[in-house]
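Structure at a glance
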Amino acid sequence: VIVLVTTMVNLTVSSGGQDIQLESMVRNLADVGSYALDEAQMTGVDYGFLIEEESAAGETSYSYRWLERYFDTQQNIEEWREPASGKEVFARQQLPPGVALELELEDAPEVELSPDDKLDEEEKITPQVVFYASGEATVGAINVRQLSDGELLWRIQWDLFGRFDVLRRGEADEEDEYLGS
């Protein structure tokens, strides 16, 4: 009986811990998105957001990273690269196994995610979402789904001005509506 109760408590704590970790990652993504837009306005540098889907040994995993636009004076071209400052804030994030990201943009309801291994050397990395120095952003949303059954766990959506809403299961909490967030 003791072993059975201990096992059930461990399972409950483990799954609760994963839920808390996922919620933290989702809220962090929205917070860093707001920060990226502020940083773009202050520095005059556009920031971008890139979601990547990777498959290995039959397992699909998702990660995302932040990029900044820069002008290469030697080659006289604009490119995207990892941000030169704020490495900790803009660090690449790997989602836990069993969780999928689905990106929706205003002009393209479904966006194909491009894995790193499919990029040719000549093909330039470009973000799917851009936070412009002018204070505007690519309008869109990210659905965080459970891979096994497609259940919507979280939805992060933002408007043209980079105002983010984090919605559990795609619905606003009454408390959040009251607070205006």
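Located above this text is the structure these notes cover.
Quick caveat, the model's predicted, so the values are computed rather than measured. (Residues numbered from 1 in each chain as written. Predicted model: local features only at pLDDT ≥ 70, side-chain atom pairs only at ≥ 80, totals over all residues. Heavy atoms only, no water.)

1. Overview of the environment of Glu 53
Mapped onto the elements of the fold, Glu 53 is located in strand E1 (residues 47–56). A distance of 2.9 Å separates a polar atom in the side chain of Glu 53 from a polar atom in the side chain of Tyr 62. (Helix = DSSP H or I, 4+ residues; strand = E, 2+ residues; numbered from the N terminus. Polar contact = N/O pair within 3.5 Å; in protein donor to acceptor, adjacent residues only side chain to side chain.)

2. Focus: the sheet that holds strand E7 (residues 140–146)
Pairing is antiparallel across the open sheet formed by 4 strands, whose spatial order is E5-E7-E8-E9. The open sheet has two edge strands with one neighbour each: strand E5 (99–105) and strand E9 (164–168). For this sheet, the mean inter-axis angle between neighbouring strands, taken without regard to orientation, is 15°. One ladder, built from 7 bridges, connects E5 with E7; its direction is antiparallel. Counted as the bridge partner of Leu 103 is Ile 142 from E7. (Pairing = 2+ DSSP bridges. Axes fitted to C-alpha atoms, helices over the stretch in contact; angles between N-to-C directions.)

3. Considerations on the pairing of strand E2 (residues 59–72)
Relative to E2, E1 runs antiparallel, the two being bridged by 10 bridges. What sits directly across from Glu 52, in E2, is Ser 63. The turn linking E1 back onto E2 is made up of 2 residues, and Ala 57 within it adopts a positive phi angle of 55°. Where E2 meets strand E4 (residues 93–94), 2 bridges bridge the pair, whose relative direction is antiparallel. Within the sheet, the bridge partner assigned to Tyr 64 lies in E4 and is Gln 93. By the bridge criterion, 5 bridges tie E2 to strand E3 (residues 77–81) in an arrangement that is antiparallel. Looking at E3, one finds that Phe 71 is bridged to Glu 78. Where E2 folds back onto E3 in an antiparallel hairpin, the turn is made up of 4 residues, including Asn 76, whose phi is positive at roughly 60°.

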